[in-house]
Amino acid sequence: MINEKLEEAFNDQINKELYSEYLYYAMKVYFQELNLQGFVNWFDVQVQEERAHAVGMIDYLNERGGKVDLRAIEKPVVEGSTPLEVFEHVLRHEEYVTSRINHLADVAEEVRDRAALNLLDWYIKEQVEEEATVGSVLATLRLIGEDKKALLLLDKDLATRTFVAPVIG
Ligand code: OFO
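Unfilled space is identified by rolling a water-sized probe across the atoms. As a volume, the largest pocket reaches approximately 290 Å³. Those elements that place two or more of their residues in the lining of the largest pocket are helix H3 (83-110), helix H4 (114-144) and helix H5 (148-158). It is H5 that contributes the most residues to the lining of the largest pocket, 3 residues altogether.

And the structure:
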């Protein structure tokens, strides 16, 4: 059985992962409107990853005898009006998620739940990867500046990203 405070923290994070999925869907729509299909693909992978993150926690809570409480998902708001600004928002969002995962790990530590800490190790590593992936696209966008041809080249590159279902835990 899982500690009540930890169960609440997991339910809160499940909601944040589902919000991430929704936010990235909104960003995908933003790039669909610009007809930048490589970016659309990149966000499509992002959407699938966030769903996998949420499902990983839902399944885990279930496995531990906890009660999954699916809550309302906030309306996503895409900040920025250029690809660069949108990616700045992605990075800010991922940094926020990292802080929430760290908080979740703090709660698991507080209630001395080693099994949950073990699972959360995976999420902590995943956040390092997520921030690095976003940071790399962001760095390229900063180099590109106003160069439309270079933007189209990046778009081609982002079209090659594929979703690989993660093995969580
Ligand atoms: Fe983007 O890592 Fe989950 O939220």
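From this point, things continue past the structure.
Before going further, it helps to examine the packing of aromatic side chains. Tallied over the full model, the rule gives 11 aromatic pairs. With centroids separated by 5.0 Å and ring planes inclined at 85°, the aromatic side chains of Trp122 and Tyr123 adopt a geometry described as edge-to-face. There is no split in this pair, since Trp122 and Tyr123 are both buried. Here the aromatic cluster, defined as three or more aromatic residues joined through ring pairs, consists of Tyr24, Tyr30, Phe31, Phe39, Trp42, Phe43 and Phe87. Taking the ring centre of Trp42 as reference, the NZ or CZ of Arg161 above it sits at 4.4 Å.

With that out of the way, let us pick up the pattern of salt bridges. One pass over the full model with this rule turns up 11 salt bridges. For the salt bridge of Lys28 with Asp44, the shortest nitrogen-to-oxygen distance reads 2.9 Å. Of this pair, Lys28 sits in helix H1 (residues 4-34) while Asp44 is found in helix H2 (residues 37-63), placing the two residues 16 residues apart along the sequence. Asp113 serves as the salt-bridge partner of Arg64, at 2.9 Å between the closest nitrogen and oxygen. Placement of Arg64 in the loop between H2 and H3 and of Asp113 in the loop between H3 and H4 is noted, with a sequence separation of 49 residues between them. The same class applies to Arg64 as to Asp113, namely buried. Overlapping salt bridges, with partners in common, bring together Glu8, Asp69 and Arg71 in one network.

Criteria and cut-off values
- Residues numbered from 1 in each chain as written.
- Predicted model: local features only at pLDDT ≥ 70, side-chain atom pairs only at ≥ 80, totals over all residues.
- Heavy atoms only, no water.
- 1 Å grid on protein atoms, 1.4 Å probe; cavity = no way out; pocket = protein on both sides within 12 Å on 5 of 7 lines; lining within 4 Å.
- Points joined across faces, edges and corners; volume = space filled by probe spheres on them.
- Helix = DSSP H or I, 4+ residues; strand = E, 2+ residues; numbered from the N terminus.
- Phe/Tyr/Trp six-rings, centres within 6.5 Å; stacked < 30°, edge-to-face > 60°.
- Buried < 20%, exposed > 50% of the residue type's maximum accessible area, 1.4 Å probe, protein only.
- Lys NZ or Arg CZ within 6 Å of the ring centre and 35° of its normal.
- Salt bridge = Lys/Arg side-chain N within 4 Å of Asp/Glu carboxyl O.

In short, shape yes, function no, at least from these values alone.
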